[in-house]
Amino acid sequence: MPSAVVITGMGLVSALGDRPSALHEALLGGGTAFGPSALIAEQAGSYRVAEIRDFAPRTYLGPRNLRPLDRTGQLAAAAAELALADSGWTIEARDARDVGLALGTTFCSVRTIGEFDRRAMRDGPEYASPIDFSNTVINAAAGQVAIWHHLRGVNSTISTGTASGLHALGYAAQMIRAGRATTLLAGGVEELCFESFLGFVRAGLVAAPGEGAVPRPFDTARDGCLLGEGAAFLVLESEDTARARGARVVGRIEGYGSGYDSRQATAHSEGENALAASIVRALGPSGPEGLAAVMSSASGHITLDAREAAGILEALGTRAAEVPVSTIKGHLGETQGAGGALATVVMLESLRTRRLPPIAGLEHPDPRVGLDLVIGRPRAIAASRALVTAVSREGNACALVISAADGADRRP
Amino acid sequence: MDPRSRVVVTGIGPVTSIGIGREAFWRSLLDGRSGIGPVESFDTRRYPVHLGGEVKAFEAPRFVTRQSPASMGRASQMAIAAARLALDDAGIDSGAIDPSRVGVAVGTTSGEPEWIERFNDRELAGERDLIGDEFLNRYPCHVLAAHVASELGFRGVNLVIPTACAAGNYAMAYGLDAIRLGEVDVMLAGGSDAFSRITYTGFARLGAIAPERVQPFDKHRKGMIPGEGAAVLVLESLDRALARGARIYAELAGYGLSCDASHMTAPQGDGAVRAMRAAMRDAGLAPHEISYISAHGTGTAANDRVETIAVKQAFGDAAARVPMSSIKSMLGHTMGAASAIEGAACALAVFDDRVPPTINLEEPDPDCDLDYVQGTSRALPVETAINNAYAFGGNNASVIFRKVRAERPGGR
């Protein structure tokens, strides 16, 4: 029998707080995190970003030597610390039993990679930093988090662009379902940095700069995303393991599906929609019955928002009219590899409190979207199961179905 | 689908410095040919070392036909070539198979490093304005699997697992589970890495690059030599392979993954032991039932000594009797592609009852006292092979291949 997969902890660092409940509250109120950049002030200019201001890694990681961790590693280690603490997996327990890690990211730290190479090219290869070299691999954050938190089990990094974080959750759930592992920390991380920022701007993905600029997911006036950053992890366990250690269960992974559309089909929004098939697979035999809400990955991207909506609509069919759809990227910006994990945490909080945040920046819904978009104020939802979706502009599609544990809404 | 159903290798597509395609690759491996030569892809005059394992005979337009080869980086091009070679080898017509049931999992260390290097060249030359959309379109590592699937039209699960030098094994392991869980019927699993000045700079700075040749396990070994390449294996269920009369190279019998959680770059050994033991347990094999060990065998002082100790620990008395070779002696270290290429060699060893040699091994290190198949290939019954891979981040991955005999049960 495949193992049931439960969620026993969550942790995050975001531009709107480092507590799931606080982030959820901020989103309910329509709070957004956009402003001028302090991290990359010179390069960002009048472009606004959603960065974690005054990120203080020692708050989470204590007095140990932080030098081996770059910003990506620190964000990931901080969110991991919060998730592990929330789950009750103490360091002694982690030393006694293998806990694994599945970390989703697009770039890991392209800032570290870029800086390492620029220094070598500018000053000569003999001036390249050995400590930075170990962080130029794309699994560096996963390695650093494993060292910091004593995670000796499976150690995977998953890259599917803006779907990475959600894919990592699906990957981890499959590992547990297949009996490969009993406990994994799963989620994603992405830092804001000059290299990825310039890449997004030059690829035409960022909304026009200027004071008051915001991303407008699903809006007729949408013209791109604003970049954000963050990290989020959930502790996934086999139900048996969680029960045996008396863990508090906050939710479940009910299903997962993923697929792919070609880059060409995605760019031109044509052909079959892999997200629709992924959602159908994730929903399983009961289909959209009892589905309380959808948390999409819409960011304000002109074609991708519409394509994601079309996938959701196709999969839910006539039930789509009854299922409210939201996104966190109107508040937090495009957090890339962290996005799917942050969205999952927010969805769990929404199920727990039965309130789904509205889509920030959305005023005039694109009539072609055809979904029940949450505009202006929070929406009351049933405390049952919910769908989280993520797509990438390169064609990746991913769907995860979660539910809140019975009684989770009574949690203090 | 049965979670314990058997998964087999039916197609092998290597793109290496000593041969492109299965036959050329295997012949060169058995002949002990070296693919090491002067680095041509960038100027090494400022480096103390000048050799690398580049795939100089690679011609992308032969393989990249549905997309523009110039629209993507070299690692994508090589991954596409490896995928096409593997499909041809398997006798699978990509146009005559349900595309939604074929997945792609690619491992890599660096993705497409050439595109951050070009970004940096512009930046250092004061030409930031000339950086266009090519960086975001071509650099992020998940484009590797995206380009493969876009080229071949495959719409099943699609992801990149960038777990550095163990990535190929991670991808094959994922493929095994994805087929068993019924996610897909066929998985293209492998790894790809292009020659990179960032990687070269880093290993040169660590003093880890040998000046002339790679001599795994030799007393006078002077380090590794960076290389490049790709390999993709076609994985499918045994039942499916038998039903279509496919040539079966080997069964993918099991795997083990672990993390040292101790140091980013220095191998510790205990994690390697745990990965080997987990793989043998998963495959239901005892150490004395392993016929061949494909060593990680980079040729560095630390790796070869620690790996030898780890094999002795994992295999006990059987260690001295199991031949173990490192094909990195011929190819150099092809990074994320390495364990996929070595997996191809393992499948061929199991199929052909011959094992490739460790070349350049003249005077074994007293600390390295196992049977390293010194100098020339060897014919022996190869019932099983274990493929070891270790990576930055403390990642360890071992995958086991097992012979499939026609008379074995499974449909015939």
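Remember, predicted model here, so these are calculated numbers, not experimental data. (Residues numbered from 1 in each chain as written. Chains lettered and ligands numbered in written order. Predicted model: local features only at pLDDT ≥ 70, side-chain atom pairs only at ≥ 80, totals over all residues. Heavy atoms only, no water.)

**Quick word on the overall build of chain A**
Right, on to step 1. Helices and strands together make up the secondary structure of chain A, namely 16 helices and 15 strands.
Right, on to step 2. Taken over the C-alpha trace, chain A has a radius of gyration of 20 Å; the compact-globule value for 412 residues is 22 Å, and the two agree within 12%.
Right, on to step 3. Its C-alpha atoms give chain A principal-axis dimensions of roughly 65 × 55 × 40 Å.
Right, on to step 4. A sequence separation of at least 24 residues applies to 79% of the contacts in chain A between residues at least 6 apart.
Right, on to step 5. In the structure as shown, chain A presents an accessible area of about 12,900 Å², 50% of it carried by carbon and sulfur atoms. (Helix = DSSP H or I, 4+ residues; strand = E, 2+ residues; numbered from the N terminus. Rg over C-alpha atoms; globule rule 2.2 N^0.38 Å. Contact = heavy atoms within 4.5 Å. Areas by Shrake-Rupley, 256 points an atom, 1.4 Å probe, with all protein chains shown as cover.)

**A word on the sheet that holds strand β9 (residues 291-296) of chain A**
All names here are of chain A.
Right, on to step 1. Sheet architecture is open: 11 strands sit in the order β5-β4-β6-β7-β1-β8-β15-β14-β9-β10-β12, paired in mixed fashion. Lying at the two open borders of the sheet, with one neighbouring strand each, are β5 (155-158) and β12 (372-373).
Right, on to step 2. As paired elements, strand β4 (residues 100-104) and strand β6 (residues 183-190) share five bridges and run parallel to each other. Paired with L103 across the bridge in β6 is G187.
Right, on to step 3. Here helix α9 (residues 164-177) sits on the sheet and contacts β1 (5-14), β4, β5, β6, β7 (230-238), β8 (251-260), β14 (385-391) and β15 (396-404); the angle it forms with β6, its principal contact strand, is near 170°. (Pairing = 2+ DSSP bridges. Axes fitted to C-alpha atoms, helices over the stretch in contact; angles between N-to-C directions.)

**A few points about the domain arrangement of chain A**
Accessible area lost upon the coming together of the parts serves often as the stated size of an interface.
Residues and elements named next belong to chain A.
Right, on to step 1. The domains assigned to chain A are domain 1 (5-244) and domain 2 (255-407).
Right, on to step 2. Taking only C-alpha atoms into account, the centre of domain 1 sits 21 Å from that of domain 2.
Right, on to step 3. With 61 residues of domain 1 at the contact, the number on the domain 2 side is 62 residues.
Right, on to step 4. In total, domain 1 and domain 2 occlude about 4,700 Å² of area from one another, counting both sides; carbon and sulfur atoms represent 67% of this.
Right, on to step 5. Three residues stand out in domain 1 for area buried against domain 2, namely L166, F218 and R222, and they jointly supply 19% of the buried area on that side.
Right, on to step 6. The residue R222 makes a salt bridge to D366 at a minimum N-O spacing of 2.9 Å.
Right, on to step 7. Connecting domain 1 to domain 2 are 21 residue pairs in polar contact (both at pLDDT 80 or more).
Right, on to step 8. Mapped onto the side of domain 1 that touches domain 2, the elements with two or more residues apiece are β1, α1 (20-28), α9, β6, α10 (194-202) and β7.
Right, on to step 9. The residue makeup of the side of domain 1 that touches domain 2, split by class, is 30 nonpolar, 24 polar and seven charged. (Domains from an automatic or database assignment. Buried area = accessible area lost by both parts, 1.4 Å probe. Salt bridge = Lys/Arg side-chain N within 4 Å of Asp/Glu carboxyl O. Polar contact = N/O pair within 3.5 Å; in protein donor to acceptor, adjacent residues only side chain to side chain. Nonpolar A, V, L, I, M, F, W, Y, C, P; charged D, E, K, R; others polar.)

**Here we look at the packing of aromatic side chains**
Right, on to step 1. Applying the stated criterion across every chain yields a total of 20 aromatic pairs over all chains.
Right, on to step 2. Each member of the aromatic cluster is reached from another via a ring pair, and the members are F107(A), F194(A), F119(B), F135(B) and Y139(B).
Right, on to step 3. Positioned above the aromatic ring of W148(A), the side-chain terminus of R64(A) is 3.9 Å from the ring centre.
Right, on to step 4. Its end group placed over the ring of W115(B), R138(B) keeps NZ or CZ at 4.7 Å from the ring centre. (Phe/Tyr/Trp six-rings, centres within 6.5 Å; stacked < 30°, edge-to-face > 60°. Lys NZ or Arg CZ within 6 Å of the ring centre and 35° of its normal.)

**Some points on the interface of chain B and chain A**
Right, on to step 1. Facing the 74 residues of chain B at the interface are 73 residues of chain A.
Right, on to step 2. Carbon and sulfur atoms make up 59% of the surface buried where chain B meets chain A, a total of about 6,000 Å² over both sides.
Right, on to step 3. Summed over the shared surface of chain B and chain A, the number is nine salt bridges.
Right, on to step 4. Residue D282(B) pairs with R180(A) through a salt bridge whose shortest N-O separation is 2.7 Å.
Right, on to step 5. Viewed at the interface, chain A and chain B are joined by 37 residue pairs in polar contact (both at pLDDT 80 or more).
Right, on to step 6. Elements that contribute at least two residues to the side of chain B that touches chain A include exactly α3 (114-124), α4 (134-138), α5 (143-152), β6 (158-161), α6 (167-180), α7 (197-205), β9 (250-259) and α9 (270-283) of chain B.
Right, on to step 7. In terms of residue class, the side of chain B that touches chain A is made up of 33 nonpolar, 23 polar and 18 charged.

**A short note on the pattern of salt bridges**
Right, on to step 1. Taken as a whole and assessed by the stated rule, the structure comprises 60 salt bridges over all chains.
Right, on to step 2. The residue D261(A) makes a salt bridge to R307(A) at a minimum N-O spacing of 2.9 Å. Placement of D261(A) in the loop between β8 and α12 (263-268) and of R307(A) in helix α14 (residues 302-316) is noted, with a sequence separation of 46 residues between them. When sorted by exposure, D261(A) lands in the same class as R307(A), which is buried.
Right, on to step 3. A salt bridge links R128(B) to E123(B); the nearest nitrogen and oxygen atoms lie 2.7 Å apart.
Right, on to step 4. Here the salt bridges do not stand alone but share partners, grouping D98(A), R152(A), D270(B) and R274(B) into one network. (Buried < 20%, exposed > 50% of the residue type's maximum accessible area, 1.4 Å probe, protein only.)

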